[in-house]
Amino acid sequence: MTSLGVLLVSGGHERAHYALVMATGAAALGREVTLFATNAGIGLLLEGQALAEDPREALLTARGVAGIGVLWAAARELGIRCIACEAGLAAEGLRDAALSPGVERAGVATFFEAVSNGQIVTL
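Report on the accompanying structure.

Rules and cut-offs
- Residues numbered from 1 in each chain as written.
- Predicted model: local features only at pLDDT ≥ 70, side-chain atom pairs only at ≥ 80, totals over all residues.
- Heavy atoms only, no water.
- Helix = DSSP H or I, 4+ residues; strand = E, 2+ residues; numbered from the N terminus.
- Buried < 20%, exposed > 50% of the residue type's maximum accessible area, 1.4 Å probe, protein only.
- Core = buried A, V, L, I, M, F, W, Y, C linked by side-chain atoms within 4.5 Å.
- Phe/Tyr/Trp six-rings, centres within 6.5 Å; stacked < 30°, edge-to-face > 60°.
- Lys NZ or Arg CZ within 6 Å of the ring centre and 35° of its normal.
- Pairing = 2+ DSSP bridges.
- Right-handed = clockwise from strand over helix to strand, strands pointing away.
- Arc of directions from axis to C-beta.
- Contact = heavy atoms within 4.5 Å.

### A look at unusual backbone geometry
Positive phi values are uncommon outside glycine, yet Asn39 reaches one of about 45°. Within the secondary structure, Asn39 sits in the loop between β2 (33–37) and α2 (55–62). The partly exposed category is assigned to Asn39, whose relative accessible area is 33%. At Ser116, a position not held by glycine, the phi torsion is positive, near 55°. Checked against the element boundaries, Ser116 lands in the loop between α5 (108–115) and β5 (119–122).

### Side note on the nonpolar core
Where a protein is soluble and globular, its nonpolar side chains tend to be buried together. Grouped together as the largest cluster of nonpolar side chains are 27 residues, with contacts concentrated most on Leu35, Leu44 and Leu45. Of all the elements in the fold, those that place two or more residues in this core are β1 (4–8), α1 (13–28), β2, α3 (68–77) and β3 (81–85). Per element, the largest residue contribution to this core is 6 residues, and it comes from α1. Within the second largest apolar cluster, 7 residues are counted, among which are Leu7, Cys85, Ala106 and Val115.

### Let's talk about the packing of aromatic side chains
Evaluation of the coordinates by the stated rule reveals 2 aromatic pairs. Here Phe111 and Phe112 contribute two aromatic rings whose centre-to-centre distance is 5.9 Å and whose plane-to-plane angle is 40°, an arrangement assigned as tilted. Note on Phe112: relative accessible area 48%, which makes it partly exposed. Cation over ring: Arg76 sits above Trp72, and NZ or CZ is 5.3 Å from the ring centre.

### As for the pairing of β1
For a regular strand, the rule is simple: side chains alternate between the two faces of the sheet. Counting buried residues in β1 gives 5 out of 5 residues, a clear majority hidden from the surface. Neither face of β1 is left uncovered, since the one carrying Leu4, Val6 and Leu8 and the one carrying Gly5 and Leu7 both have all their residues buried. Sheet analysis places β1 next to β2, joined by 5 bridges and oriented parallel. What sits directly across from Leu4, in β2, is Val33. As a crossover connection, the stretch from β1 through α1 into β2 is right-handed. Bridge analysis of β1 against β5 gives 4 bridges, and the strand direction is parallel. Each bridged residue has a counterpart across the sheet, and for Leu4 the counterpart in β5 is Gln119.

### Observations regarding α5
Since the α-helix turns once every 3.6 residues, residues separated by three or four places project in the same direction. Regarding α5, the residues found buried are Phe111, Ala114 and Val115. One face of α5 carries all of its buried residues, which in axial projection span an arc of 90°. The exposed residues of α5 that point more than 90 degrees off its buried face are Ala109 and Glu113. Considering only its buried residues, α5 is in contact with β1, β2, β3 and β5. Just downstream of α5, Ser116 is the residue with a positive phi angle, here 55°.

Okay, structure coming up:
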């Protein structure tokens, strides 16, 4: 089965949420998935999950939709590889920021190597 790379460049809740929806959906179907966040998208991978505190999170939960907190836990269980872009961390002034457990710091070459000939979705 073809691998999937999810490239998250936006820091908004909607895109971060859907990046996790795409990643967990593909992983649940048995695809190897790598989530690569850069620039403002790195917010999803920071320790503390600030996006899980976004007002939209409560709205999704009230409507019976899995939010970032639930999807993040599923991503970890499904073995999704998460990478914070080193250049993106520097660009956002987050070079020394604490990342969620299991999140790697690496560059775009590592992302391309992980995805290989697979598909890439950008959000």
